[in-house]
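What the coordinates show
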Amino acid sequence: MSYLVSLILGGVITLVAIPIVYNIGRSAQLWRVIPERTVLVYTLFGKVIGTLEEPGINLPFKCFGLRTFLVPFFGKVYTVSTTIYQHYLRNQLVNSAEGAPMGVGIWYECFISNPTAYLFENSDPVGSLSANVSTAVIKQLSNLELDVLLEDRDALSRKVREEVSPTSEQWGFTLGSTYIRKVAFRDAGMIKEIERKVVNRLRQVTASMRQDGENRVAIISSNAEKEASRRLGQAEAVRPKIVGEALSEIRESEDVAAVLFDLLDLQATLKSDGKIILNTGDSQGGAGILLNS
């Protein structure tokens, strides 16, 4: 029973003692646990004595000597994150060469490469960097042709980055990727005018395409009618020859020819619009005739 009590008491003391010992050691700068992409800047009597940036457990007194134990009383430890920051500046006002007010949106990323400069060279380095990027956008993009603003974004983005990088490094920043993501018109009247011109242009293109289609259809129809007329003409030219040859063969037999011509005459009589009188013959039994009057 006493063994179990001792075990429980030892566990409780351990759970309580470990955080206390850890905090005491951390406050006394006996050791420091540094996360990834984090830098500790040590100052003593207002001066920087060094930095720790290796992730994991570090022993500051091995780097700074006995001065480390004076830091809790006469100095300060600054924690600086070196992770990558991404920012987006909206509607930076620039004027094109044509006098059109344009709104430019620029995206950029940066990270702290010099923690000491970041802490002590500028009281507001993040705000100063944003203002510097905005100024560079206005400087590099103003008075450019409208088509250049809309099409050459990669080249313009590189110019902005080259403009900002030297100053940002003085403030401890390294400027990474920079890209102009949006170029838009700011004047509502100009936007409506452009929309009107685009709609009119689309109507013109549509009408032109429709007219071109109709012209093509007309050409095809004309060619088809021309070909049909040619074939009908050929058929009309061949018909008399065929009919003549057939009649010549029929004329070789007089009886057949007589019957054929009688049938043709009867057929023509029946198709006539005149009045038809049928004479059934006389009382003596003579043959009747078909009269057309």
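Residues numbered from 1 in each chain as written. Predicted model: local features only at pLDDT ≥ 70, side-chain atom pairs only at ≥ 80, totals over all residues. Heavy atoms only, no water.

Naming follows an unreviewed UniProt entry, where the chain appears as SPFH/Band 7/PHB domain protein of Thalassobacterium maritimum. According to UniProt, the comment filed for the chain under the heading Subcellular location (unreviewed entry) is "Membrane". (UniProt positions renumbered as here; feature names shortened; annotations may be inferred.)

1. Quick word on a nonpolar patch on the surface
Among the surface-exposed residues, Leu30, Val33, Ile57, Leu59, Phe61, Leu66 and Phe69 lie close enough to one another that they form a single nonpolar patch of about 640 Å² accessible area. With respect to the secondary-structure elements, Val33 resides in strand S1 (residues 32–34). On the accessibility criterion, Val33 (44% relative accessible area) is partly exposed. (Patch = residues over 30% accessible without salt bridge, like charges linked within 9 Å, V, L, I, M, F, W, Y side chains within 5 Å. Areas by Shrake-Rupley, 256 points an atom, 1.4 Å probe, with all protein chains shown as cover. Salt bridge = Lys/Arg side-chain N within 4 Å of Asp/Glu carboxyl O. Helix = DSSP H or I, 4+ residues; strand = E, 2+ residues; numbered from the N terminus. Buried < 20%, exposed > 50% of the residue type's maximum accessible area, 1.4 Å probe, protein only.)

2. Some words on the sheet that holds strand S2 (residues 38–44)
As a general point, the strands of a sheet are linked pairwise by backbone hydrogen bonds and lie either parallel or antiparallel. Taken in spatial order, the three strands line up as S3-S2-S5 in an open sheet, and their pairing is antiparallel. Only two strands of the sheet have a single neighbouring strand rather than two, namely strand S3 (47–52) and strand S5 (75–81). Neighbour-to-neighbour, the strand axes of this sheet turn through a mean angle of 25°, independent of strand direction. In terms of strand pairing, S2 meets S3 through five bridges, oriented antiparallel. (Pairing = 2+ DSSP bridges. Axes fitted to C-alpha atoms, helices over the stretch in contact; angles between N-to-C directions.)

3. Some details on unusual backbone geometry
For Arg37, which is not glycine, the phi dihedral falls at a positive 50°. Here Arg37 is to be found in the loop between S1 and S2. Judged by its relative accessible area of 40%, Arg37 falls in the partly exposed class. In this structure, Asn143 is a non-glycine residue whose phi angle is positive, near 65°. With respect to the element layout, Asn143 can be found in the loop between helix H5 (125–141) and helix H6 (146–151).

4. Focus on the pairing of strand S7 (residues 101–112)
Counting buried positions over the twelve residues of S7 gives nine, a clear majority of the element. As defined by bridge partners, S7 adjoins strand S8 (residues 173–185) across ten bridges and the pair is classed as antiparallel. Bridge pairing in S8 links Ile112 to Phe173.

5. Structural notes on the side chain of Ser130
Note on placement: Ser130 falls in helix H5. Among the polar contacts made by the side chain of Ser130, one reaches the side chain of Tyr108 at a distance of 2.9 Å. When sequence neighbours within four positions are dropped, the list of residues in contact with Ser130 reads Leu89 and Tyr108. (Polar contact = N/O pair within 3.5 Å; in protein donor to acceptor, adjacent residues only side chain to side chain. Contact = heavy atoms within 4.5 Å.)

6. Comments concerning the environment of Asp147
Looking at the element boundaries, Asp147 is found in helix H6. Spatially, the C-alpha atom of Asp147 lies 9.4 Å from that of Ser96, the residues being 51 residues apart in sequence.

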